[in-house]
Amino acid sequence: MRKLAFGCLLAGWTATGGFAAIITDTLTGAVPTFTVPAPATLTTGDLVYAKGSLGGNDTVGEGIDDEVRMGFDFTGQADLAILQAASVLTSATLTLTLIPQDGFVSTDTVQLNNLAPINSPLIQALAVGVPATVVIDLLLYYTSAEIVGRLNAQGGLVGALFQDDSFLTEATLTISGPDALVVPETATWLIVAAVLIGFAFWRHYSTRTH
Ligand SMILES: [Ca+2]
Ligand SMILES: [Ca+2]
Ligand SMILES: [Ca+2]
């Protein structure tokens, strides 16, 4: 009986315990095989090249003075709603595969749309012509609330932007947080209470009859 009551309590407790909630989306493109004149844009796979917003040349797709637009889509992922309601995230990373085409990669930035451009030494120190994969820890630059705000702004669609002197061929955005706090249902606690009261009566009367 005592074991049963303890088991019920344990079940209630573990329901409040934490498994990570996580969402991830990968966008894949390729080095463009042709260029277009601005203001035209060029799409390779999931990635869209356009003339960089900071100016520069009018050729789009040669990886110099280009911006690359990303549209991550978390709709339909099981943990999206949990993370949209999260107050604190445990991690948020943006992984980029880049092939810099100009020394001014030293000024390049990436950002989630509507948030500040990120100046990361992981990007700005890259060598021209050498493919590299960098993992940007977004929580070094943005608050959890800012990132959660982006998850809510368009129902799980999150835009991002890279500029402006590198090819970008793959991008992955991964966000995780604590699982939702599951409050045991009232019925569970009523059962636990009933078991404990029953156990108390049983102890009381069995002690008296012996
Ligand atoms: Ca260009
Ligand atoms: Ca440039
Ligand atoms: Ca640049």
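Above this text is the structure in question.
What you see is a predicted model, and the numbers here were worked out from it, not measured in a lab. (Residues numbered from 1 in each chain as written. Chains lettered and ligands numbered in written order. Predicted model: local features only at pLDDT ≥ 70, side-chain atom pairs only at ≥ 80, totals over all residues.)

Comments concerning the overall build of the protein chain
In step 1: Scanning the protein chain from terminus to terminus reveals five helices and eleven strands.
In step 2: Taking all 210 residues of the protein chain together, the buried fraction comes to 28%.
In step 3: Considering only intrachain contacts with a sequence separation of at least 6, the fraction spanning at least 24 residues in the protein chain is 72%. (Helix = DSSP H or I, 4+ residues; strand = E, 2+ residues; numbered from the N terminus. Buried ≥ 20, exposed ≤ 12 C-beta atoms within 10 Å, placed from the backbone. Contact = placed C-beta atoms within 7 Å.)

Some points on the nonpolar core
In step 1: Formed by 38 residues in total, the largest nonpolar core has its most connected members in Val110, Ile147, Ala160 and Leu168.
In step 2: Mapped onto this core, the elements with two or more residues apiece are β1 (20–28), β4 (47–51), β6 (66–73), β7 (91–100), β8 (109–112), α4 (144–153), β10 (157–164) and β11 (166–178).
In step 3: In terms of residue count, β11 provides more of this core than any other element does, five residues in total.
In step 4: Look past the residues within four positions of Val110 in its chain and what remains in contact with it is Leu94, Leu96, Ile118, Ile123, Ile136, Ala160, Leu161 and Phe162. (Core = buried A, V, L, I, M, F, W, Y, C linked by C-beta atoms within 7 Å.)

Quick notes on the pairing of β7
In step 1: Side chains Ala92, Leu94, Leu96, Leu98 and Pro100 of β7 all project onto a buried face; the interleaved residues Ser91, Thr93, Thr95, Thr97 and Ile99 project onto a face where none is buried.
In step 2: As paired elements, β7 and β11 share ten bridges and run antiparallel to each other. Across the sheet, the residue bridging to Leu98 is Leu168, located in β11.
In step 3: Bridge count between β7 and strand β9 (residues 132–137): six bridges; the pairing is antiparallel. (Pairing = 2+ DSSP bridges.)

Some words on the pairing of β4
In step 1: Taken across its five residues, β4 has four buried, putting it largely inside the fold.
In step 2: Where strand β3 (residues 42–44) lies against β4, three bridges are found, and the strand directions are antiparallel. From the neighbouring strand, Thr43 faces β4, where its bridge partner is Val48.
In step 3: Count of turn residues in the β3/β4 antiparallel hairpin: two residues, of which Gly45 carries a positive phi of about 60°.
In step 4: Examined bridge by bridge, β4 and β6 share four bridges and lie antiparallel to one another. Residue Ala50 lies in a different strand from β6, and its bridge partner there is Glu67.

So, the environment of Gly29
In step 1: Take Gly29: it is sitting in the loop between β1 and β2 (36–37).
In step 2: Of the residues examined, Gly29 has 21 C-beta atoms within 10 Å and is grouped as buried.
In step 3: On a C-alpha basis, the gap between Gly29 and Leu168 in space is 7.5 Å, while along the polypeptide they are 139 residues apart.
In step 4: Residues contacting Gly29, with those up to four places away along its chain left out, are Thr44, Gly45, Asp46, Leu47, Leu168, Thr169 and Glu170.

Functional significance is not addressed by these values, which are geometric in nature.
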